[in-house]
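Working through the structure, step by step
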Amino acid sequence: MGCQPLETLEAVCVFITLCVLRCFRPPQGNAIKTYKYNVLTFLPLNLFEQFKRAANLYFLGLLILQVIPQISTLPWYTTLVPLVLVLSITAMKDLVDDLARHRMDKEINNRKCEVLLDVFFKLSFLVLQADILLLSSSNPNSLCYVETAELDGETNLKFKMGLRVTDERLQEESQLARFDALIECEEPNNRLDKFTGTMLWRRERYPLDLDNMLLRGCKIRNTDFCHGLVIFAGADTKIMRNGGKTRFKRTKIDELMNYMVYTIFVLLILVAAGLAIGHTFWYEEIGSKAWYLYDGKDEDASYRGFLSFWGYIIVLNTMVPISLYVSVEVIRLGQSKFINWDLQMYFPEKDTPAKARTTTLNEQLGQIEYIFSDKTGTLTQNIMAFKKCTISGQTYGTSPSGDPTTAEGPVDFSWNRYADRKFQFMDHSLVALIRSRKDKDALEFFKLLSLCHTVMVEQKEDDLVYQAASPDEGALVTAARNFGYVFLSRTQDTITIREMDQETTYEMLALLDFNSDRKRMSIILRAPDGRIRLYCKGADTVIYERLSPNSRHKQSTQDALDRFANETLRTLCLCYRDVSRDEYDAWARKHKDASVTMTDREAALDRVYEQIENNLMLLGATAIEDKLQDGVPETIAKLAKADIKIWVLTGDKKETAENIGFSCELLTDDMQIHYGEDINEKLTVRQANRRNEPLSSGRNRKKAPEPFFPQPGKNALIITGGWLVSFLRAARRHVFSAFNSWLNLDVLFFPVQIDFVDMACECEAVICCRVTPKQKANVVSLVKKYKKAVTLSIGDGANDVNMIKTADIGVGISGQEGMQAVMSSDYAFAQFRYLQRLLLVHGRWSYIRMCKFLRYFFYKNFAFTLVHFWYSFFSGYSSQVAYEDWFITIYNVLYSSLPVLLVGLLDQDVNDKLSLKFPKLYLPGQQGLLFNYKNFFISLFHGIFTSLIIFFIPYGAFLQTMGQDGEAPSDYQSFAVVTASSLVITVNLQISLDTSYWTFVNCFAVLGSIAIYFGIMFDIHSAGIHVIFPSIFTFTGAASNALRQPYLWLTIILTVGISLLPVICIQFLHKTIWPSVGDKSQIYKKKTESEKKKPPAFQRGQRSRRSAYAFSHSRGYADLISSGRSIRRRPAARGGPQDSIREAGPDRVVVSITILN
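All values derive from a computational prediction rather than experimental measurement.

1. Section: the pairing of strand β4 (residues 131-137)
Burial within β4 is extensive, with 7 of its 7 residues counted as buried. Of the strand pairs in this sheet, β4 and strand β12 (residues 225-232) are connected by 6 bridges, and their pairing is antiparallel. Directly across from Asp131, in β12, lies its bridge partner Phe232. Alignment of β4 against strand β10 (residues 213-214), held across 2 bridges, turns out to be antiparallel. Counted as the bridge partner of Leu133 is Met213 from β10.

2. What to know about the sheet that holds strand β16 (residues 394-397)
The strand order across the open sheet built from 9 strands is β16-β15-β25-β24-β23-β22-β21-β20-β19, with neighbouring strands paired in antiparallel fashion. Edge positions in the sheet fall to β16 and β19 (485-490), since each has one partner strand and no second. Here the strands of the sheet are splayed against their neighbours by 30° on average, with no regard to which way each runs. Here 5 bridges tie strand β21 (residues 502-512) to strand β22 (residues 520-526), and the two strands are oriented antiparallel to one another. What sits directly across from Met508, in β22, is Leu525. This element, helix α14 (residues 471-482), spans β15 (385-391), β19, β22, β23 (532-538), β24 (569-579) and β25 (617-625) of the sheet and lies at about 120° to β19. Lying on the sheet, helix α16 (residues 554-566) is in contact with β15, β16, β24 and β25; it crosses β25 at an angle near 10°.

3. Remarks on a nonpolar patch on the surface
A grouping of Tyr259, Tyr262, Tyr933, Phe937 and Phe941 is seen on the molecular surface, where their side chains present a nonpolar patch of about 560 Å² in accessible area. The set of elements that each furnish at least two residues to the nonpolar patch consists of α9 (252-285) and α34 (933-959). Considering every element that reaches the nonpolar patch, the biggest residue donor is α34, with 3 residues. Here Tyr259 is to be found in helix α9. Judged by relative accessible area, Tyr259 falls into the exposed class, the value being 52%.

4. Some thoughts on α34
For α34, with 27 residues, the first-to-last C-alpha span of 38 Å sits near the 39 Å given by 1.5 Å per residue. Where α34 begins, the side chain of Asn932 points an oxygen toward the backbone nitrogen of Lys934, at a separation of 3.0 Å.

5. Looking at the layout of surface pockets
By volume, the second largest pocket amounts to about 1700 Å³. Around the second largest pocket, the lining comprises 45 residues; the ones closest to its centre are Lys852, Arg855, Leu930, Asp994 and Gln1067. Elements supplying a minimum of two residues to the lining of the second largest pocket: α29 (834-872), α33 (923-926), α34, α35 (972-994), α39 (1046-1072) and α40 (1077-1093). Counting residues per element, the lining of the second largest pocket draws most heavily on α29, which supplies 8 residues. In the lining of the second largest pocket, the residues fall into 19 nonpolar, 15 polar and 11 charged.

Rules used throughout
Residues numbered from 1 in each chain as written. Predicted model: local features only at pLDDT ≥ 70, side-chain atom pairs only at ≥ 80, totals over all residues. Heavy atoms only, no water. Buried < 20%, exposed > 50% of the residue type's maximum accessible area, 1.4 Å probe, protein only. Helix = DSSP H or I, 4+ residues; strand = E, 2+ residues; numbered from the N terminus. Pairing = 2+ DSSP bridges. Axes fitted to C-alpha atoms, helices over the stretch in contact; angles between N-to-C directions. Contact = heavy atoms within 4.5 Å. Patch = residues over 30% accessible without salt bridge, like charges linked within 9 Å, V, L, I, M, F, W, Y side chains within 5 Å. Areas by Shrake-Rupley, 256 points an atom, 1.4 Å probe, with all protein chains shown as cover. Salt bridge = Lys/Arg side-chain N within 4 Å of Asp/Glu carboxyl O. Expected span 1.5 Å × (residues − 1). Polar contact = N/O pair within 3.5 Å; in protein donor to acceptor, adjacent residues only side chain to side chain. 1 Å grid on protein atoms, 1.4 Å probe; cavity = no way out; pocket = protein on both sides within 12 Å on 5 of 7 lines; lining within 4 Å. Points joined across faces, edges and corners; volume = space filled by probe spheres on them. Nonpolar A, V, L, I, M, F, W, Y, C, P; charged D, E, K, R; others polar.

Shown next, in the form of structure tokens:
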């Protein structure tokens, strides 16, 4: 049954205090509801949501206008049928999605759990149904293992712990019944990584954080049972709060398409207004004076013109394409499926396929200008190996290439029964030093690694299995384990290790955990002899600031750190300090006060941590290797050739990041690298020059600024997070000073950020090191804001989530740091090298297909609709239509939809191999060349031209004609049949000319659309259907009567030919005189294929019946051969006969004969 929230129990007083207002809110059920509709609300609610879209509302208004007989010349079903079809397709998609949500809700709400006095009684492998405060469990120290795959996608086990006081006092049901604590906690929110609360029990206040909470969606593992107290239930749980709407990302094409629809709507109003004015004048001059046109209505010309305006709004409504948005969604869905099905982006080692987590951004993948990449786990494998270390100024270990410092081979750890067999270390001297126990610093070094961490350990078949929050921690604890300091177990307040051959338990007094701002973690322990010591490990930038003046080996350790960084190794400094009992007691009181505060607890704890993390004594540093992923240099090189600029944003040291940049070929030897000081100088000069310019010149916005790097050659920037902080702070001071300096508009309009972005964008590569997750997002925002460029961020960890969400497109790599980046991304795969295929193949294809689809879609609608415009000049501007009603109804639905949809799904100008071989093919997408207002107006004028031909050639043919039977079929219905037939054939052959990649499906769609048109036309023009529906189907026999005349078929052929001939000529000229990069690639492909298929001119040993004389009937080369001149002229020729034959001119025969002789 579903879990219910806490209420007052008999003899039990349990409160959950959120805030005063929430205390009066009625209890909420624990059942969740993510579905949107039920049986009664689906139809009205779905229609309401669909009609909130402007296009659907517009066509609903047209439908209402068509019901008014004074206005409409078209029957209502011409708009109703397409509108119902579009609404039905969208409604079916929404229904399928909502049924899936119904099934999921039902499954979740029917999960069973046991409720004991409103305190849950949990079983192992149970999925939690509420956010619960862990009180006690079957494991020692109330330890509870959970799997959080439903929250963040991670399948590795995490641990939670109950408070020590509840573990000791709440094990029995009778004890739970007397539990009367007061819980104060934060408001319900969506922060899965944070919980702040306190528990007041028996006059003592205890801090509560996320480590004490079991969140809804977690699965209990390796735990027989646990007791918990419900904090949030139902819609208040954190996972449900995360179900809200995320920021909707739109593509550039989306925005442009919307503006073009608005442009079409404006054109529609202008055309309708012009024709209405024409009808007003026509009626005054002609209509009112012609007795045979009298309709019995006493209406003046102005009123008739007003009615004619609305009539033409209805007649010309197909200029605004009703099915455009639905067709676009179908194409995007298909393109997303192609990404998911691409086996070349499948990573078999982890059984991980590529995944398009959105269907709205595919074509934007073909327009990327800047890529922002994390380093660790994105460019590298994030599989850490302990390679080197420095202890007391002495360096031990191997080089990254694996060359040992000694020739003795890998160290034999067989003396240590706890050693990890996969661990390898080459320096035997360090092992000898540890086993001799003579160097206290070395022993303390590995003791620190075995104690200062948050790793959990499991015992599996006489083996220790470590579960670490990060690969770095796992590598360091494993290294300590192999060198004799084995982490065995931990409880809430103890850590047990094996120091060589002696097992020792330390009391854990405090754990000062790591975060991205602190960049370090510490632990305070009490040894068995009563000594209190703080161990700390962290980045050198923060550790060196906190070292004691008496600390030794600072310089030698710094030198070793620099060498490690140059070898692309990841480094951490290790240090310690002894703490007196009085100092600890005083600090512990401050720590407890900070840990129970309800306002800004993290900042309060950080201030307390600072008070004890000082005067540290340096022990040394570790160096961990993280190798590059396969294919990273090649991928970066290809993306660079596509004019995509790559910025690496990492938290590593500057030297490490720079060397990784060279390793992955982001940085090259021919680049001029600029650092923070150089950047400051250039920015200062630029700002000074701008301030010295007169104000008038500052207003000249069109003048391009001078480049920062006028010298020829490539440039790169390498900056640090600290430089970014000072830079942004200086930029804010700069703007503020402008207000105090008589509003200096130069500074306001040209802030320092713009100069920095301009400078960085002039460079081929940018590396930002020592940056925080927030700084990563800020860098992406700067480029988006000032360059208006399409950006892509790619990362693999939780620290990359902000960057991924900020960019136009976010890509997550499913690596070693969990699935949080993937869960926040738009696209996901397993390796960085797949990025080139995602962009250069799928992105480029999607962009080209969408552009071609939109251009053709607008064209075919203009060609179809504007025939009414030309017809109005011959119908008194009376809003009469040029086609039969049912043709207007289903033209966009059946006659012209399938071929263009298939082009949008399947077309490709070149195959995937050529797309990767010629990255320059990507440039048109970046520059937006294939779909813009220029292309839109080309489609408009193309449609105008086609409509002119389709109307006036049949009109001329019908002007003075005579059929074979002596009758003139110059009636309106025959004319409508000929124009409609010409239109359908023309637009289907036009998409054939625009199709670059032919398949059987494309051919079937084009021919099938034409066949469907003629089949339906003959059916709805038949006498049988007219008998059944005489008022709806009025073109009885029109098709059969018109199309039996040969000259009308010639008229159709002539119309189609003249419509397509200019297009064929223009395409021919473009391919021969002005070929695009794609055309050149196709020519290259054909040339290489023909060379492969071309047989050799001569093969030794080949038998032939033909005489050698058949090759020449003129004078031979006997004199030349006997003279030997050809041999003397080309003595260096040593190739085989085939190579000689391929040389130019008749000499090839001579040389071949010479070699044969």
